[in-house]
Amino acid sequence: MLKSKIWLSSPHMGGNEEVYVKEAFTSNWIAPLGPNVNGFENAISSYLSDEKDYETAALVSGTAAIHLALRLLGTKTEDYILVQSFTFCGTSNPVSYEGANIVFIDSEEDTWNMCPDALEEAIVALKGKTIRAIIPVHLYGMPAKMNEILSIANKYNVPVIEDAAEALGSKYNGKACGTFGTMAALSFNGNKIITTSGGGALVAKNRDYIDKARFLSTQARDEAPHYEHSQIGFNYRMSNVVAGIGRGQMEVLDLRVQQRRDNNIRYRNYFKEIEGVSFQTEPDDSYFSNYWLTCILIDPEKSGGIDREQVRLIMEQNQIDSRPLWKPMHLQPVHKDAIFFGTGVCEKLFEQGLCLPSGSNLTDEDFERIFKVLDSIFKK
Ligand SMILES: *Cc1c(COP(=O)(O)O)cnc(C)c1O
């Protein structure tokens, strides 16, 4: 019998999503504004900080959030943007939309995120150029070394756009990821820790940025009875229908974090006795990852020749989804001419790394199936 597929990370509804969506229908708020959009934004802002000092603009995607952040900082084509290379294209594509110069920065081995040393090296090398922003990422939910990154950013007076698309629910020094940068991007795409099917948000402490993001994301319409435009905007605002899904999802976010962290512990216990497999791991107590995805490195020299591609293919044959880590953006054909600073840490991570099924809705039976297949590879 054909077994059902075990996905890498599939949507996991809490229950109240349909209630909020139904409200949108009942009240006929089927628009890119309405009570669900406001309610979702407020839920995010108060989740990120008890002080009520953060503002959120709900948007169509995390990529749109980063794009607006670059706009709000006044990015020009001659500017340089320093971007973590080890990431999804949603981090760096907005830099290309703006026609600015991308400089890719390597990862460090502790968190797999932006290497502070490579970052500073790049800033020094670009002396005389305008560096408009630094974009670090909390990859797979693991907080980047924000203390180091922010102190370099402050030293050279460069704003940070924090890509927290994968890190809602993660914390660093007790502070929520998404509250470190001048602005931060969140994503609610279908496979993220919570989802609105597709969506994102821009978060900032500075209310002015968020007011402007709301303005720019609704086609930059000036105050007038007719449609009046003194600048070019975007159609990036989240719909009140999907924001209803988001409101329901926010109610279960902490539970989802717990479930993903429990998955991570299960995998750690499984691999405890197995040579050559290591994990993306919180370096110390100041890091709290939502463990959106559990990621391992397989070193064929220590695993008796088993490599990540072999594991991925055997999992696939057994209807189990797994995926190589993000291919570094500086290795992508579209960025073959981009500048890269670092020693190639992210290249090695890409070679050896694998994301394991990590959905918060995985069952005990799913884990039994996964471990049985892993047994056939690692416990021959
Ligand atoms: C998902 C993601 C994005 C972009 O989010 P979308 O909502 O899909 O546009 C950006 N950066 C990272 C690291 C992501 O994982």
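Now for a quick tour of the structure. Please read these numbers as outputs of a predicted model, since none were measured by experiment.

## So, the site of the ligand
As a matter of local geometry, the ligand sits amid 15 residues, with Thr63, Asp163, Glu166, Ser187 and Lys192 nearest to it. At 2.8 Å from an oxygen atom of the ligand is found a main-chain nitrogen or oxygen belonging to glycine 62. The separation between a nitrogen atom of the ligand and a polar side-chain atom of threonine 91 is 3.4 Å. In isolation the ligand exposes 380 Å². Once the protein is present, 95% of that is buried.

## Section: the pattern of salt bridges
One pass over the structure, following the stated rule, counts 19 salt bridges. We note a salt bridge from arginine 214 to glutamate 41, for which the minimum N-O separation is 3.0 Å. Of this pair, arginine 214 sits in helix H7 (residues 207-216) while glutamate 41 sits in helix H2 (residues 35-48), and the two are 173 residues apart along the sequence. The two residues arginine 214 and glutamate 41 agree in class, both being buried.

## Looking at the nonpolar core
Residues Tyr140, Leu168, Phe188 and Leu325 are the most contacted members of the largest nonpolar core, which totals 43 residues. Every element with two or more residues in this core is listed here: H2, strand S8 (183-187), strand S9 (200-204), helix H8 (240-250), helix H9 (253-271), strand S12 (294-298) and helix H11 (345-352). For this core, the leading source of residues is H8, giving 5 residues. Excluding its chain neighbours within four sequence positions, the residues that come into contact with phenylalanine 188 are Phe40, Ile44, Leu168, Ile194, Thr195, Thr196, Ser197, Gly198, Gly199, Gly200, Ala201 and Met238. The next biggest cluster of nonpolar side chains, apart from the first, holds 31 residues, and it includes Ala64, Leu73, Tyr236 and Met329.

## Description of the side chain of serine 286
Tracing the sequence through the fold places serine 286 in the loop between strand S10 (277-279) and strand S11 (287-288). Among the polar contacts listed, one links the side chain of serine 286 to the side chain of aspartate 284, at a separation of 2.4 Å. When sequence neighbours within four positions are dropped, the list of residues in contact with serine 286 reads Lys171, Tyr172 and Asn173.

## Re the packing of helix H3 (residues 62-72) against H7
Viewed as axis vectors pointing N to C, H3 and H7 meet at an angle of 115°, and their least axial separation amounts to 10 Å. Looking at the two axes, H3 sits roughly perpendicular to H7. Between H3 and H7 the crossing geometry is right-handed. On H7, the residues that touch Leu68, Arg71 and Leu72 of H3 are Tyr209, Lys212, Ala213 and Leu216. By residue class, the composition of the contact of H3 with H7 is 5 nonpolar, no polar and 2 charged.

## Considerations on the sheet that holds strand S6 (residues 171-172)
Ordered by their spatial adjacency, 3 strands build an open sheet running S7-S6-S11, and the pairing between neighbours is antiparallel. Each end of this open sheet is capped by a strand with a single partner; those strands are strand S7 (175-176) and S11. Bridge analysis of S6 against S11 gives 2 bridges, and the strand direction is antiparallel. Its bridge partner being in S11, lysine 171 is matched across the sheet by phenylalanine 288.

## Comments concerning H3
When you tally the buried positions in H3, you get 9 out of 11 residues, the bulk of the element. Within H3 the residues assigned to the buried category are Gly62, Ala64, Ala65, Ile66, His67, Leu68, Ala69, Leu70 and Leu72. With a side-chain oxygen positioned 3.4 Å from the backbone nitrogen of threonine 63, the residue opening H3 is serine 61.

## Notes on the sheet that holds strand S1 (residues 55-59)
Spatially, S1-S9-S8-S5 is the arrangement adopted by the 4 strands of the open sheet, whose pairing is mixed. Strand pairing shows two members of the sheet lacking a second neighbour, S1 and strand S5 (161-163), which therefore form its edges. Each adjacent strand pair in this sheet contributes to an overall mean axis angle of 20°, direction not counted. The strands touched by H2 within the sheet are S1, S8 and S9, with S1 carrying the most contacts at an inclination of about 135°.

Cut-offs used in this document
- Residues numbered from 1 in each chain as written.
- Predicted model: local features only at pLDDT ≥ 70, side-chain atom pairs only at ≥ 80, totals over all residues.
- Heavy atoms only, no water.
- Near = heavy atom within 4 Å.
- Polar contact = N/O pair within 3.5 Å; in protein donor to acceptor, adjacent residues only side chain to side chain.
- Areas by Shrake-Rupley, 256 points an atom, 1.4 Å probe, with all protein chains shown as cover.
- Salt bridge = Lys/Arg side-chain N within 4 Å of Asp/Glu carboxyl O.
- Helix = DSSP H or I, 4+ residues; strand = E, 2+ residues; numbered from the N terminus.
- Buried < 20%, exposed > 50% of the residue type's maximum accessible area, 1.4 Å probe, protein only.
- Core = buried A, V, L, I, M, F, W, Y, C linked by side-chain atoms within 4.5 Å.
- Contact = heavy atoms within 4.5 Å.
- Axes fitted to C-alpha atoms, helices over the stretch in contact; angles between N-to-C directions.
- Parallel < 35°, antiparallel > 145°, perpendicular 65-115°, else oblique.
- Left-handed = near helix turned anticlockwise from the far one by under 90°.
- Nonpolar A, V, L, I, M, F, W, Y, C, P; charged D, E, K, R; others polar.
- Pairing = 2+ DSSP bridges.

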